Each structure stands twice: as C-alpha cells, then as structure tokens.
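# An overview of the molecular structure
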Amino acid sequence: MRRDELLDAAEQLLCDQGSDALTLAAVADRAGVSKGGLLYHFNTKEALIKGMAERLIDDFDQLMAEQGETTYTRRYLAATMAAIRSGRLRRWAVVTGASGNMFLLGPLREAMTRWHTSELDSEPDPVAAQIVRLACEGLWDVASHDPGLYPDDELDALERRLISLL
C-alpha cells in the first residue's frame, strides 16, 4: 500500500509541477514520509520512474483482462476506451513525460511490443487489427494531452467505427 502512495505522490508531483520537480525529497514531502521511508521502496529517482512505468503496464494489463471481448484487439480497444473514459490517461502522460532516458522506460517499450503483436495471427484480419491498435495509441496520446477533447458521444462514434474495421 505504501509503495502505491509513493507512486501516486510522484505522479501528482509530475502532473502539477513537471519533470524538473521530480526529486526524491519532493516526492517524500508530497507523500508525507521521510526521505528514508521513500528510499526503502525506491533507492533512486530512476527506480521511482521505473516503478511508475511498471505500475502503468500492470494497470493496463488488468484493464485488458477485465474486458469480455472475443479477440485481443477488441479487448485492447475496449480497455483503451475505458482508460480514456475513466481518466486513467493522466498517469500515462505523466510517466512517459517523466524521463528522457528510454532505458528507464524499457518495460514500457516491451509492453508496447507485446500489446501490438499479441495474437495478431488469430485475428480475422491482422492488418485491420494492427490499424485499430495504432488508432488506440493515437487516441490515447491525444486524450492524455487534452482529456476533454473527445466528449462521450464522439468517443462512442470512434469506438463503433473502429469495431466495424474488425
């Protein structure tokens, strides 16, 4: 539980003040713990960023697992729409903006590869499935920068159109 509170504090700090404000001392202060308490869970800033990225991946994997769709791409689309509608995108924007060091975001790179290649051979139209997955990434990216850009009725229309491609 404490680990998640520390990750929440780091994400809030990044969202409120940007990546320059992300220091271990600032995260500890935001979380209301001593710096030593933070260091127990995350001994470096890099470990903290990696922890945020890993939690992001776990959250999206869980969201995908909750979808009752028939194919991987349909689950991916449903999970993406659920993330957009629930406001979970803030975490994505914050984490990906946290570091210019792609090594720290290696687990995210690996997850992206998995999300974009899994079960393509079992899709009725693998190319259409890739197009839908890429469209999801575009929606995710745009909505993470402007959460109110797509009202629910427009998201519904986009989702229906993407489903029709499959």
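What counts and how
Every residue gets a number counted from 1 within its own chain, in the order that chain's sequence is written. With the structure being a predicted model, the display of local features is reserved for residues of pLDDT at least 70 and the display and counting of side-chain atom pairs for 80 or more, all residues being used for whole-chain, interface and lining totals. Working from all heavy atoms in the structure, the side-chain values ignore hydrogens and water. We call a set of buried Ala, Val, Leu, Ile, Met, Phe, Trp, Tyr and Cys residues a nonpolar core when their side-chain atoms join them within 4.5 Å. Between buried and exposed lies partly exposed: a residue is buried under 20% and exposed over 50% of the maximum accessible area for its type, with that area taken using a 1.4 Å probe on protein chains only. Helix and strand assignments come from DSSP, with helices taken as H or I runs of at least 4 residues and strands as E runs of at least 2, each series counted from the N terminus. Contacts are residue-level and defined by heavy atoms, with any inter-residue pair within 4.5 Å sufficient. This arc is built from the directions going out from the helix axis to the C-beta atoms. To count toward a patch, a residue needs a relative accessible area over 30% and no salt bridge; like charges are then connected within 9 Å, while nonpolar side chains (Val, Leu, Ile, Met, Phe, Trp, Tyr) are connected within 5 Å. Using a 1.4 Å probe, accessible areas were evaluated by the Shrake-Rupley method; residue-level cover was limited to the displayed protein chains. Salt bridges are defined as contacts in which a side-chain nitrogen from Lys or Arg sits within 4 Å of a carboxyl oxygen from Asp or Glu. Axis lines are fitted to C-alpha atoms, over the contacting stretch for helices. Their N-to-C directions set the angle, which ranges from 0 to 180 degrees. Working definition: roughly parallel below 35 degrees, roughly antiparallel above 145 degrees, roughly perpendicular at 65 to 115 degrees, and oblique for all remaining angles. Charged means Asp, Glu, Lys or Arg here, nonpolar means Ala, Val, Leu, Ile, Met, Phe, Trp, Tyr, Cys or Pro, and polar covers whatever is left, Gly included. We define a polar contact as two N or O atoms separated by no more than 3.5 Å, with the added condition that, inside protein, one atom must be a possible hydrogen donor and the other a possible acceptor, whereas residues neighbouring each other in sequence contribute only through side-chain atom pairs. Each pair of aromatic rings taken from Phe, Tyr and Trp, with Trp reduced to its six-membered ring, is defined by centres within 6.5 Å and is described as stacked if the planes are under 30 degrees apart, edge-to-face if over 60, and tilted in the remaining cases.

## Considerations on the nonpolar core
Ranked by internal contacts, the top residues of the largest apolar core, which has 42 residues, are Leu22, Val27, Leu38, Leu48, Phe60 and Trp115. When residues of this core are traced back to their parent elements, those giving at least two are α1 (2-17), α2 (24-31), α4 (45-65), α5 (72-86), α7 (106-117), α8 (126-145) and α9 (152-165). Considering every element that reaches this core, the biggest residue donor is α4, with nine residues. Discounting chain neighbours no more than four positions away, the residues touching Val27 are Leu6, Ala9, Ala10, Leu13, Leu22, Leu38 and Leu48.

## A closer look at α2
Residues lying three or four places apart along an α-helix face the same way, a consequence of the helix completing one turn every 3.6 residues. Turning to α2, its buried residues number three or more, namely Leu24, Val27, Ala28 and Ala31. With its buried residues spanning 100° around the axis, α2 presents them on a single face. Residues of α2 that are buried in the fold lie against α1, α3 (35-41) and α4. Immediately downstream of α2, the backbone of Gly32 shows phi near 75°, a positive value.

## Points about a nonpolar patch on the surface
A cluster of nonpolar side chains, namely Val127, Ile131 and Leu165, defines an oily patch on the protein surface of about 250 Å² accessible area. Within the secondary structure, Val127 is located in helix α8. In this structure Val127 comes out as exposed when scored by relative accessible area, which is 51%.

## Brief notes about the packing of α5 against α9
Two elements in contact, α5 and α9, have axes separated by 11 Å at closest approach and are oriented at 170°. Taken together, the axes of α5 and α9 are roughly antiparallel relative to one another. Residues Arg74, Leu77, Ala78, Met81, Ile84 and Arg85 of α5 touch α9, and the partners they reach there are Asp152, Leu155, Asp156, Leu158, Glu159, Leu162 and Ile163. The residue inventory of the contact of α5 with α9, partitioned by class, reads eight nonpolar, no polar and five charged.

## A closer look at the side chain of Arg133
Tracing the sequence through the fold places Arg133 in helix α8. Engagement of the side chain of Arg133 in a polar contact is seen with the backbone oxygen of Ser118, the distance being 2.8 Å. Residues in contact with Arg133, not counting those within four places in the same chain, are Tyr72, Thr73, Tyr76, Trp115, His116, Thr117, Ser118, Glu119, Leu120 and Glu123.

## Regarding the packing of aromatic side chains
According to the stated counting rule, one finds three aromatic pairs in the structure shown. Pairing Phe60 with Tyr76 gives two aromatic rings, centres 5.5 Å apart and planes at 80°, and the pair type is edge-to-face. In this pair, Phe60 sits in helix α4 while Tyr76 sits in helix α5, placing the two residues 16 residues apart along the sequence. Taking the relative accessible area as the measure of exposure, Phe60 reaches 4% and is therefore buried. Ring centres 4.9 Å apart and planes at 70° place the aromatic pair Phe60 and Trp115 in the edge-to-face group. Placement of Phe60 in helix α4 and of Trp115 in helix α7 is noted, with a sequence separation of 55 residues between them. For the residue pair Phe60 and Trp115, the accessibility class agrees, reading buried in each case. Through pairs of rings, three or more aromatic residues link up here, namely Phe60, Tyr76, Trp115 and Trp140.

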